[in-house]
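Listed here are the chains, written in short residue letters.
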Amino acid sequence: MSATSRLPEYLVKMQKELDRAMEFWLKNSHDEEYGGFFTCLGKDGKRFDDLKYCWLQGRQVWMYSKLYNSIPRFHTEEVLQAAKAGGEFLMKHVKSSDSMKCNFLLTRDGKPVKIQRQIFSESFYLVGLAELARATKDDKYKKEAIAMMDQIVHWIRVDGSGLGRPALSGAPPVNALAVSMTCIYLIKELTWDDPGLYEKYAELEQWSLDQTLAHVQRQGSVVLEIVSTDGKELPGSQGRIMNPGHAIEAGWFLLQLAVDRKDDKLKKIALENFMINPYLLGWDKEHGGLFAFLDADGLSPTQLEWNMKLWWAHNEALISFLMAYKETKDEQYLKYFEQVFDYSFKHFADLDSDHGEWFGYLTQAGKINQDFKGGPFKGCFHVPRCFMMCEEMLRELLDKK
């Protein structure tokens, strides 16, 4: 049987499961009283905590806006108004009133509970407002997104003191893959339809690319999560950390960039170093699924959840391998896609209930470890983004076929 024979099946499944996932969030997550989105939702959609996690506020604004802008059946007043309400909550409550720093956690009515000393609440604030600007045609959201982008650039390249992280003599600066790959993603999301704005960030994009490629280590055999600022492997457990899902996600960011630039060398690196190698290293040959963390020397990782199977890594693998096939027509990528697809819909998907969305956290053996569908880090983002992007790519592939 040809690897392409299942493409129609994949399209039907992605479309159906996107609809089910979005029904879950549209029905259960809106806070009509205080604004924003409830993020702590059980398997049946009932909320178990009123706290609002801010990565997920920005991500849900992006998801709603992107669906409204891209998928005709979601171009509805309900989706648009929910996105706008979420955007206003971002600007009123997620961003601190006295600085550009964004909160990480809020009470239901928007009071600050916790701030992280990182750039990720700010990053998802930015992408949510950038896509909302396209949905609403309201330039105030785009201006706010650009202002936040400029602040993030200042923190990571000029002066990071505003993040609140103390400078400690035993902890020199490092190059974290999460930061550099996020910058590539932010530039794409902010500027893809504005060539003039892209020029403003072109130098930053090259810097972010160079920083990302520095994580390819040991003669190209591994992608390490953290390296030194001069691109060298760090000593100890920190320096040996591998996060297969992160590397694979970075792979499709890099593949998009390579296609945009018509850069065959970068395309090869994206496919081989960031997709195939981390996938082959990260796939659990006994139980299936991608490990959360690995140690490059084969030692036991220090992360307690290292051998769990996390939803988002599998979403990113589905996007990556389908995009790789679309760009190369090499059926090996479809075989990888098939492996991830079959595992994911067997273990993460809640196909036997009336409630859409995936479970997020599995044991190494593939059993559900936590049965909530929305929590501190899992919201309306990875699952529907994966289904949306795969649906679009599958339609394109089948139309050409």
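These numbers come from a predicted model, not from an experiment. (Residues numbered from 1 in each chain as written. Predicted model: local features only at pLDDT ≥ 70, side-chain atom pairs only at ≥ 80, totals over all residues. Heavy atoms only, no water.)

### Things to note about the overall build of the protein chain
Turning to step 1, where the next piece is worked out: A tally of regular secondary structure across the protein chain gives 14 helices and 14 strands.
Turning to step 2, where the next piece is worked out: Against the 2.2 N^0.38 benchmark of 21 Å for 401 residues, the protein chain shows a C-alpha radius of gyration of 20 Å, consistent with a compact globule.
Turning to step 3, where the next piece is worked out: If one aligns the C-alpha atoms of the protein chain with their principal axes, the spans along those axes are about 55 × 50 × 45 Å.
Turning to step 4, where the next piece is worked out: Counting the 401 residues in the protein chain, one finds 58% classified as buried.
Turning to step 5, where the next piece is worked out: Considering only intrachain contacts with a sequence separation of at least 6, the fraction spanning at least 24 residues in the protein chain is 66%.
Turning to step 6, where the next piece is worked out: Carbon and sulfur atoms make up 52% of the accessible area of the protein chain, which totals about 16,900 Å².
Turning to step 7, where the next piece is worked out: The averaged location of the 57 negative side-chain charges in the protein chain is 1 Å from the averaged location of its 50 positive side-chain charges. (Helix = DSSP H or I, 4+ residues; strand = E, 2+ residues; numbered from the N terminus. Rg over C-alpha atoms; globule rule 2.2 N^0.38 Å. Buried < 20%, exposed > 50% of the residue type's maximum accessible area, 1.4 Å probe, protein only. Contact = heavy atoms within 4.5 Å. Areas by Shrake-Rupley, 256 points an atom, 1.4 Å probe, with all protein chains shown as cover. Lys, Arg positive; Asp, Glu negative; His and termini not counted. Charge placed at Lys NZ, Arg CZ, Asp CG, Glu CD.)

### Some thoughts on helix α4 (residues 120-136)
Turning to step 1, where the next piece is worked out: In this model, α4 (17 residues) spans 24 Å end to end at C-alpha, consistent with the 24 Å of a helix rising 1.5 Å per residue.
Turning to step 2, where the next piece is worked out: Positioned one or two residues after α4, lysine 137 has a phi angle of 60°, which is positive. (Expected span 1.5 Å × (residues − 1).)

### Regarding the packing of helix α8 (residues 202-213) against helix α11 (residues 264-282)
Turning to step 1, where the next piece is worked out: Direction vectors running N to C along α8 and α11 enclose 35°, while the axes themselves pass 12 Å from each other. The hand of the α8/α11 crossing is left-handed. Taking contact as the criterion, the partners of Leu209, Thr212 and Leu213 in α8 are, on α11, Leu266, Ile269 and Phe274.
Turning to step 2, where the next piece is worked out: Residues of the contact of α8 with α11, tallied by class, amount to five nonpolar, one polar and no charged. (Axes fitted to C-alpha atoms, helices over the stretch in contact; angles between N-to-C directions. Left-handed = near helix turned anticlockwise from the far one by under 90°. Nonpolar A, V, L, I, M, F, W, Y, C, P; charged D, E, K, R; others polar.)

### Some points on helix α10 (residues 244-261)
Turning to step 1, where the next piece is worked out: Helix length check: α10 (18 residues) gives 25 Å between terminal C-alpha atoms against 26 Å at 1.5 Å per residue, within 8%.
Turning to step 2, where the next piece is worked out: With 14 of 18 residues buried, α10 is to be regarded as a mostly interior element.
Turning to step 3, where the next piece is worked out: Once α10 ends, the next one or two residues include lysine 262, with phi positive near 55°.

### A word on the pattern of salt bridges
Turning to step 1, where the next piece is worked out: As enumerated under the stated definition, the model contains 38 salt bridges in all.
Turning to step 2, where the next piece is worked out: The closest approach of N and O atoms between glutamate 88 and lysine 140, which form a salt bridge, is 3.0 Å. One end of the pair, glutamate 88, is in helix α3 (residues 77-94); the other, lysine 140, is in helix α5 (residues 139-157), with 52 residues separating them in the sequence.
Turning to step 3, where the next piece is worked out: When its relative accessible area of 35% is taken as the criterion, glutamate 88 is described as partly exposed.
Turning to step 4, where the next piece is worked out: Of the residues examined, lysine 140 reaches a relative accessible area of 37% and is grouped as partly exposed. (Salt bridge = Lys/Arg side-chain N within 4 Å of Asp/Glu carboxyl O.)

### Some thoughts on the state of the cysteines
Where two cysteines share a covalent bond between their sulfur atoms, that bond is called a disulfide.
Turning to step 1, where the next piece is worked out: The tally for this structure, following the rule as stated, stands at zero disulfides.
Turning to step 2, where the next piece is worked out: Here cysteine 40 is not cross-linked by a disulfide; its sulfur's nearest cysteine counterpart is in cysteine 54, at 12 Å.
Turning to step 3, where the next piece is worked out: We classify cysteine 40 as buried; its relative accessible area is 2%. (Disulfide = S-S within 2.5 Å.)

### So, unusual backbone geometry
Turning to step 1, where the next piece is worked out: In this model, arginine 218 sits at a positive phi of 55°, which is unusual for a non-glycine residue.
Turning to step 2, where the next piece is worked out: Positive phi outside glycine occurs at lysine 329, with the angle close to 60°.
Turning to step 3, where the next piece is worked out: The residue lysine 329 is located in the loop between α12 (311-328) and α13 (331-347) in this model.

### Describing the packing of helix α6 (residues 177-191) against α10
Turning to step 1, where the next piece is worked out: Between α6 and α10, the least distance of the axes is 10 Å, while the angle of their chain directions is 40°. The orientation of α6 with respect to α10, classified from their angle, is oblique. Once α6 is placed against α10, the crossing between them reads as left-handed. Here Leu177, Ala178, Met181, Ile184, Tyr185 and Lys188 of α6 come into contact with α10, specifically with His246, Ala247, Glu249, Ala250, Phe253, Leu254, Gln256 and Asp260.
Turning to step 2, where the next piece is worked out: Split by residue class, the contact of α6 with α10 holds nine nonpolar, two polar and three charged. (Parallel < 35°, antiparallel > 145°, perpendicular 65-115°, else oblique.)

### Side note on the environment of tryptophan 283
Turning to step 1, where the next piece is worked out: Mapped onto the elements of the fold, tryptophan 283 is located in the loop between α11 and β11 (294-295).
Turning to step 2, where the next piece is worked out: Residues tryptophan 283 and valine 340, spaced 57 residues apart in sequence, show a C-alpha to C-alpha distance of 9.5 Å.
Turning to step 3, where the next piece is worked out: When neighbours within four sequence positions are excluded, tryptophan 283 is seen to be in contact with Gly288, Gly289, Leu290, Phe291, Gln339, Val340 and Tyr343.

### Points about the side chain of arginine 134
Turning to step 1, where the next piece is worked out: Assignment of secondary structure puts arginine 134 in helix α4.
Turning to step 2, where the next piece is worked out: Residue arginine 134 is classed as buried on the basis of its relative accessible area of 14%.
Turning to step 3, where the next piece is worked out: A polar atom in the side chain of arginine 134 sits 2.7 Å from the side chain of glutamate 131.
Turning to step 4, where the next piece is worked out: Among the polar contacts made by the side chain of arginine 134, one reaches the side chain of aspartate 193 at a distance of 2.8 Å.
Turning to step 5, where the next piece is worked out: Apart from the residues within four sequence positions on either side, arginine 134 is in contact with Asn69, Glu189, Leu190, Thr191, Trp192 and Asp193. (Polar contact = N/O pair within 3.5 Å; in protein donor to acceptor, adjacent residues only side chain to side chain.)

### Considerations on the packing of aromatic side chains
Turning to step 1, where the next piece is worked out: Within the structure shown, the criterion is met by 31 aromatic pairs.
Turning to step 2, where the next piece is worked out: The ring of phenylalanine 124 has arginine 59 lying over it, and the distance from NZ or CZ to the ring centre is 4.2 Å. (Phe/Tyr/Trp six-rings, centres within 6.5 Å; stacked < 30°, edge-to-face > 60°. Lys NZ or Arg CZ within 6 Å of the ring centre and 35° of its normal.)

### Remarks on the sheet that holds strand β4 (residues 105-106)
Turning to step 1, where the next piece is worked out: Judged by pairing direction, the sheet is antiparallel, and its three strands sit side by side in the order β3-β4-β5 without closing on themselves. Either end of the sheet is taken by a strand with one partner, and the two such strands are β3 (52-53) and β5 (112-114).
Turning to step 2, where the next piece is worked out: The sheet contact formed by β4 and β5 spans two bridges and is antiparallel. If you follow leucine 105 over to β5, its bridge partner there is lysine 114. (Pairing = 2+ DSSP bridges.)

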